[in-house]
Amino acid sequence: MKIFLDTAIRDEIRRMAALGIVDGVTTNPTLLKAADAPYHEVIADICKMVPGPISAEVLAEDWEGMVREGRELSAIAPNVIVKIPMTPDGMRAVSVLKSAEIDTNVTLVFSANQALLAAKAGARFVSPFVGRLDDAGHDGMDVVEEILEVYANYDFTTEVLVASVRHPQHVVQAALMGADVATVPTGVLALMFCHPLTDVGIQRFLDDWKAVRKE
Ligand code: G3P
């Protein structure tokens, strides 16, 4: 499973990318607000830091505007993926951009039906928001399971990108289900490294080695 970083904070991306575990980055207008720098400049920097897919979202609500913004975003770097919201206009923009060979990531997906429509429109990625589904009293990972089953039934090539990840267990579940990608906030990625027995083990090795060197 590929791991994307779900942030637009360039220091965080630089630090995590250096570890060799980041396959791509997803951003959205909320995350870009936190980056506190011009939109296109931030996306251009991220594209240089991580060679994999970098999602940048359109702000227009009509398909012509989405296509126009999508072309502009895509011109920033070859690894930009244009993020488009799941609406009828959005799906029209996805199919127009696909015919122009511009890859898209359909965002704000909360059901298997929406994911089916995104695949039919020709999206490269579909982003079910598992954390927001959990918040609304559903089980977000159930929706991911349904999407994976629907896509497998019809050999759709759209990749399932699990988004709105809130904790490491979402990532484990995504990997067990065979999702293509999980996009994780930096804090969740940091937690994925942790296990108390690793810390205890390192301390014991160091203590034992110090004891040997004293002999
Ligand atoms: O990738 C989408 C993600 O950023 C949304 O996360 O935590 O705002 O639901 P959240």
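Shown above is the structure to which this text applies.
This write-up is about the structure you can find in this document. Computed from a predicted structure; not experimentally measured. Every chain begins its residue count from 1, and numbering advances along the sequence as written. Per-residue local features of the predicted model are confined to residues with pLDDT of at least 70, and side-chain atom pairs are confined, for both listing and counting, to 80 or more; whole-chain, interface and lining totals are unaffected and use all residues. Hydrogen atoms and water are omitted, and side-chain values are computed over all heavy atoms in the structure.

Some words on the overall build of the protein chain
- Only DSSP runs of H or I covering at least 4 residues are called helices, and only runs of E covering at least 2 are called strands; the numbering of each starts at the N terminus. Check the secondary structure of the protein chain and you find 11 helices and 8 strands.
- Contacts were defined at the residue level, with two residues in contact if any of their heavy atoms lie within 4.5 Å. Within the protein chain, counting contacts between residues at least 6 apart in sequence, those at least 24 apart form 57% of the total.

Some points on the nonpolar core
- Within this scheme, the nonpolar core is defined by two criteria: the residues are buried Ala, Val, Leu, Ile, Met, Phe, Trp, Tyr or Cys, and they are joined through side-chain atoms within 4.5 Å. Relative accessibility decides the category of a residue: with a 1.4 Å probe and only protein chains considered, values under 20% of the type maximum give buried, values over 50% give exposed, and everything between is partly exposed. Of all hydrophobic cores here, the largest spans 58 residues; its most connected members are Ile84, Val106, Val126, Ile147, Val162 and Val184.
- When residues in this core are grouped by element, the largest group, 6 residues, is from helix α8 (residues 140-154).
- Beyond its immediate stretch of four places on either side in the chain, Val162 contacts Pro128, Val130, Met141, Val144, Ala174, Ala179, Val181, Ala182 and Thr183.
- Listed in part, the 7 residues of the second largest apolar core include Phe4, Phe125, Leu161 and Ala163.

Concerning helix α6 (residues 112-121)
- Residues of α6 that are buried: Ala112, Ala115, Ala118, Ala119 and Ala121.
- In this structure, the buried side of α6 is in contact with α5 (88-99), β5 (104-109), β6 (125-128) and α8.
- Phi for Gly122, located one or two positions after α6, is positive at around 105 degrees.

Focus on the site of the ligand
- For this purpose, a residue is taken to be near a molecule or strand whenever a single non-hydrogen atom of the residue falls within 4 Å of it. Around the ligand sit Asp6, Asn28, Leu31, Lys83, Phe129, Arg132, Ala163, Ser164, Arg166 and Thr183, and those are all the residues in its vicinity.
- Whenever two N or O atoms come within 3.5 Å, that pair is a polar contact, provided that in protein one can donate a hydrogen and the other can accept it, and provided that, for residues adjacent in sequence, both atoms are side-chain atoms. A distance of 2.7 Å separates an oxygen atom of the ligand from a polar atom in the side chain of Asp6.
- Here an oxygen atom of the ligand sits 2.6 Å away from a polar atom, N or O, in the side chain of Arg132.
- Within the complex, 81% of the 310 Å² of free accessible area of the ligand lies under protein.
- By the convention adopted, Pro, Cys, Tyr, Trp, Phe, Met, Ile, Leu, Val and Ala count as nonpolar, Lys, Arg, Asp and Glu as charged, and the other residues, Gly among them, as polar. Class assignment for the residues of the shell around the ligand results in 3 nonpolar, 3 polar and 4 charged. Calculation of accessible area relied on Shrake-Rupley with a 1.4 Å probe; when residues are assessed, cover is drawn exclusively from the protein chains displayed.

Thoughts on the packing of helix α4 (residues 63-74) against α5
- In this description, a line fitted to the C-alpha atoms serves as the axis of each element, helices being fitted only across the stretch in contact, and the angle between N-to-C directions of two axes falls anywhere from 0 to 180 degrees. Across the interface, α4 lies against α5 with an axial gap of 8 Å and an inter-helix angle of 45 degrees. The angle between α4 and α5 places the two elements in the oblique class. Like other packed secondary-structure pairs, α4 and α5 cross with a definite hand, here right-handed. Listed contacts from α5 to Trp63, Met66, Val67, Gly70 and Arg71 of α4 are Asp89, Gly90, Arg92, Ala93, Val96 and Leu97.
- Among the residues forming the contact of α4 with α5, the class breakdown is 6 nonpolar, 2 polar and 3 charged. Throughout this description, any angle smaller than 35 degrees is read as roughly parallel, any larger than 145 degrees as roughly antiparallel, any in the 65 to 115 degree range as roughly perpendicular, and the remainder as oblique. Throughout, a crossing is termed right-handed when the near helix is turned clockwise from the far one, and left-handed when it is turned anticlockwise from it by less than a right angle.

A short note on the sheet that holds β6
- A pair of strands counts as paired when DSSP detects no fewer than two bridges linking them. Within the closed barrel, the 8 strands sit side by side as β1-β2-β3-β4-β5-β6-β7-β8. Their pairing is parallel. Neighbouring strand axes in the sheet, compared pairwise and without regard to direction, differ in orientation by 30 degrees on average.
- By the bridge criterion, 2 bridges tie β6 to strand β7 (residues 159-162) in an arrangement that is parallel. Directly across from Phe125, in β7, lies its bridge partner Glu159.
- Where α4 meets the sheet, it contacts β3 (54-57) and β4 (80-85), and its direction lies at approximately 160 degrees from that of β4.
- In the packing of α5 onto the sheet, the strands contacted are β4 and β5, and the crossing angle to β4 comes to about 155 degrees.

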